[in-house]
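Coordinates in review
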Amino acid sequence: MKFNARTIREAVTRAHSDYAVLEGGKNADYIPFLAGVPSSLVAVAVVTHDGQIVSCGDSEYRFAIESISKVCSLALALEDVGTDVLHEKVGADPTGLPFNSVLALELHNGKPLSPLVNAGAMSTVSLIDAIDKEERWQRILTMQRNLAGKGIALSDDVNQSEQSTNFHNRAIAWLLYSSGAMYSDPMDACDVYTRQCSTLINTIELATLGATLASGGINPLSRQRILKKENVPPILAEMMMEGLYGSSGDWAYSVGLPGKSGVGGGIVAVVPGVMGIAAFSPPLDEAGNSVRGQKIVASVAKELGYNLFDCN
Ligand code: DON
């Protein structure tokens with residue numbers, strides 16, 4: 001597919017100028033590090049399936065990947081154990097509850113339902129092939145780098161901030177263990193999950209993650225096949241159903257693209273076969289999604305005419 005780079009640039013620039021100063025929302029404060037990130041930062045980037053990059057604003061600023069890391073560990077687990085095992089052991093349905101809900105587990109006999117909520121993500125981490133915690137962590141970090149960019153690295157500051165406050169997630173890990181949905185040592189899985197949330201990514205790399213999925217598992221910048229083609233549709237389905245947590249339905253209704261957000265302020269959407277569209281801005285809405293980021297990604301997608309449910 002050919003792209004008109006000028007059209008993409010216009011859409012990206014317009015979305016940035018329309019929403020860069022939009023008021024509303026506030027930084028996540030339950031992780032101390034995130035509360036201190038400047039709220040005025042705003043970035044947008046598009047990476048196409050043939051490797052073109054268009055960006056605007058603070059697109060090289062590195063921020064905490066947070067929940068977007070769940071897409072990368074889901075991808076790795078699918079490569080390791082396949083779609084049937086993942087479906088049976090973790091599930092593939094929206095919980096309809098917040099991303100860290102204990103109630104969601106209680107309501108479903110301890111089965112997490114989705115790999116994109118905290119419980120499902122820790123269960124997914126525990127399914128990844130590894131002889132020990134360090135190998136599990138290194139394999140996840142390598143997958144983040146292969147999917148999105150070699151510059152991704154652990155932030156000791158973010159990790160320390162998260163490890164010293166992740167008591168709720170530790171409780172979820174033990175609940176998973178008690179219901180038989182945890183497949184490694186629960187505290188190891190929680191530790192690795194916390195580390196995977198604590199890497200720093202920039203908005204161009206985030207759009208590259210989207211573009212790698214859009215390209216059926218081939219990173220359009222490195223030109224390497226990272227995922228088996230058949231593992232991409234289930235990832236996109238999960239993103240469509242649960243990628244923006246309690247707002248996933250609103251997002252599907254209004255934007256019509258699989259997306260994923262993180263409490264660090266990042267958000268990415270995938271136009272299958274075409275491109276990844278990413279944005280970053282720290283203030284979040286009640287559901288945990290970037291207020292400006294959602295508007296910016298939606299605006300670029302609309303301007304370029306991409307909505308999977310559009311029948312034209
Ligand atoms: O587990 C947590 O609470 C965080 N490390 C990540 C949560 C997150 O990003 C949810 N997102 N929107």
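Here the structure is a predicted model, which is why all the values come from computation and not from measurement. (Residues numbered from 1 in each chain as written. Predicted model: local features only at pLDDT ≥ 70, side-chain atom pairs only at ≥ 80, totals over all residues. Heavy atoms only, no water.)

**Brief notes about the pairing of strand E8 (residues 275-280)**
For E8, the buried fraction is high: six of the six residues fall into the buried class. The side-chain alternation of E8 yields two buried faces, one formed by Met 275, Ile 277 and Ala 279 and the other by Gly 276, Ala 278 and Phe 280. Where strand E1 (residues 43-48) meets E8, six bridges bridge the pair, whose relative direction is antiparallel. Across the sheet, residue Val 46 finds its bridge partner in E8, namely Ile 277. (Buried < 20%, exposed > 50% of the residue type's maximum accessible area, 1.4 Å probe, protein only. Helix = DSSP H or I, 4+ residues; strand = E, 2+ residues; numbered from the N terminus. Pairing = 2+ DSSP bridges.)

**What to know about the sheet that holds strand E7 (residues 266-271)**
Strand order across the open sheet formed by five strands is E2-E1-E8-E7-E6, with antiparallel pairing between neighbours. The outermost strands of the open sheet, each flanked by one partner alone, are strand E2 (53-57) and strand E6 (259-261). The sheet shows a mean angle of 10 degrees between the axes of neighbouring strands, taken without regard to direction. Bridge analysis of E1 against E2 gives five bridges, and the strand direction is antiparallel. Paired with Val 46 across the strands is Val 54, a residue of E2. (Axes fitted to C-alpha atoms, helices over the stretch in contact; angles between N-to-C directions.)

**Re the pattern of salt bridges**
Counting across every chain of the model gives eight salt bridges. Between Arg 62 and Glu 205 there is a salt bridge, and its shortest N-O distance comes to 2.8 Å. Taken together, the positions of Arg 62 in the loop between E2 and strand E3 (63-64) and Glu 205 in helix H10 (residues 203-214) put the pair 143 residues apart, joining distant regions of the chain. What makes Arg 62 partly exposed here is its relative accessible area of 29%. Taking relative accessible area as the criterion, Glu 205 reaches 9% and is therefore assigned buried. Across the pair Glu 134 and Arg 195 runs a salt bridge, and its minimum N-O distance is 3.1 Å. With Glu 134 in helix H6 (residues 133-147) and Arg 195 in helix H9 (residues 186-197), the pair connects residues that are 61 residues apart, well separated along the chain. According to the relative accessible area criterion, Arg 195 is buried, its value standing at 10%. Three or more residues are tied together by salt bridges with common partners; here these are Lys 133, Glu 134, Asp 191 and Arg 195. (Salt bridge = Lys/Arg side-chain N within 4 Å of Asp/Glu carboxyl O.)

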